[in-house]
Amino acid sequence: MSDPVADMLTRIRNANQALLNDVEVNHSRLKENIANILKREGYLADYSVEGKTAKKLKLKLKYNGRKGVIAGLKRVSKPGLRRYVGATEIPRVLNGMGIAIVSTPKGVMTGNDAKKENVGGELVCFIW
């Protein structure tokens, strides 16, 4: 059983360690929403959707000198074991230094936004 989001996170992690400028993953709306959050929170320089039928998501990574801005990524809810949290149960990542990405009925958002909106959902991943 394949996990497209875990594949995306792994590609970002590998490209980050190899100091590559950009990485390409297959497009899905969930991945695009995750990329949008990463850009908004300052973890990605930019992202773009390319292609008409077989769309690709091109992510431009961000660096501080020779060190990636993204220190770590962790997939939390997996296809074999989904993890759902209520609005009050959303964990803080590294004491607020990282972000939790939550897929809620109101869309994909950060843990802080989900707390403000008072909605829970599937805990997709942690990024710090």
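Before any of the text, the structure's been laid out above.
The present account deals with the structure reproduced in this document. (Residues numbered from 1 in each chain as written. Predicted model: local features only at pLDDT ≥ 70, side-chain atom pairs only at ≥ 80, totals over all residues. Heavy atoms only, no water.)

So, the overall build of the protein
Turning to step 1, where the next piece is worked out: The helix and strand inventory of the protein stands at three helices and 10 strands.
Turning to step 2, where the next piece is worked out: Reading the helices (α) and strands (β) of the protein from amino to carboxyl end gives α-β-α-β-β-β-β-β-β-β-β-α-β.
Turning to step 3, where the next piece is worked out: For a compact globule of 128 residues, the expected C-alpha radius of gyration is about 14 Å, and the protein comes in at 14 Å, within 12% of that figure.
Turning to step 4, where the next piece is worked out: Over its C-alpha atoms, taken along the principal directions, the protein stretches across nearly 40 × 35 × 25 Å.
Turning to step 5, where the next piece is worked out: For the protein, buried positions account for 39% of its 128 residues.
Turning to step 6, where the next piece is worked out: Contacts in the protein between residues at least 24 apart in sequence constitute 62% of all its contacts with a sequence separation of at least 6.
Turning to step 7, where the next piece is worked out: Accessible surface, the protein as shown: approximately 7,400 Å² in total, 47% of it carbon and sulfur. (Helix = DSSP H or I, 4+ residues; strand = E, 2+ residues; numbered from the N terminus. Rg over C-alpha atoms; globule rule 2.2 N^0.38 Å. Buried < 20%, exposed > 50% of the residue type's maximum accessible area, 1.4 Å probe, protein only. Contact = heavy atoms within 4.5 Å. Areas by Shrake-Rupley, 256 points an atom, 1.4 Å probe, with all protein chains shown as cover.)

Examining the environment of Ser77
Turning to step 1, where the next piece is worked out: Structurally, Ser77 can be placed in the loop between β6 (73–75) and β7 (84–85).
Turning to step 2, where the next piece is worked out: A residue is classified by how much of its surface remains accessible, and Ser77, at 0% relative accessible area, is buried.
Turning to step 3, where the next piece is worked out: Along the primary structure Ser77 and Met109 are separated by 32 residues, whereas in three dimensions their C-alpha atoms are 15 Å apart.
Turning to step 4, where the next piece is worked out: Not counting residues up to four positions away in its chain, the partners in contact with Ser77 are Arg82, Arg83, Glu122, Leu123 and Val124.

Considering helix α1 (residues 4–17)
Turning to step 1, where the next piece is worked out: Taking 1.5 Å of rise per residue, the 14 residues of α1 would be expected to cover 20 Å, and the 20 Å separating its terminal C-alpha atoms lies within 8% of that figure.
Turning to step 2, where the next piece is worked out: Those residues of α1 that sit buried are Val5, Met8, Leu9, Ile12, Ala15 and Asn16. Buried residues in α1, looked at end-on, bunch into an arc of 130 degrees, giving them a common side.
Turning to step 3, where the next piece is worked out: Two residues or fewer past α1, Leu19 is found with a positive phi of approximately 55 degrees. (Expected span 1.5 Å × (residues − 1). Arc of directions from axis to C-beta.)

Some points on the pattern of salt bridges
Any two side chains of opposite charge can pair, given that their charged atoms come close.
Turning to step 1, where the next piece is worked out: For the coordinates displayed, the defined rule picks out seven salt bridges.
Turning to step 2, where the next piece is worked out: The closest approach of N and O atoms between Lys58 and Asp22, which form a salt bridge, is 3.5 Å. In this pair, Lys58 is assigned in strand β3 (residues 56–61) and Asp22 in strand β1 (residues 22–26), connecting sequence segments 36 residues apart.
Turning to step 3, where the next piece is worked out: Under the relative-accessibility criterion, Lys58 is labelled partly exposed at 25%.
Turning to step 4, where the next piece is worked out: In this structure Asp22 comes out as partly exposed when scored by relative accessible area, which is 28%.
Turning to step 5, where the next piece is worked out: Note that Arg40 is salt-bridged to Asp113, the shortest N-O span being 3.3 Å. Of this pair, Arg40 sits in helix α2 (residues 29–40) while Asp113 sits in helix α3 (residues 111–117), placing them 73 residues apart in sequence.
Turning to step 6, where the next piece is worked out: Exposure remark for Asp113: the relative accessible area of 26% places this residue in the partly exposed category.
Turning to step 7, where the next piece is worked out: The network of salt bridges with common partners includes Asp22, Lys58 and Lys60. (Salt bridge = Lys/Arg side-chain N within 4 Å of Asp/Glu carboxyl O.)

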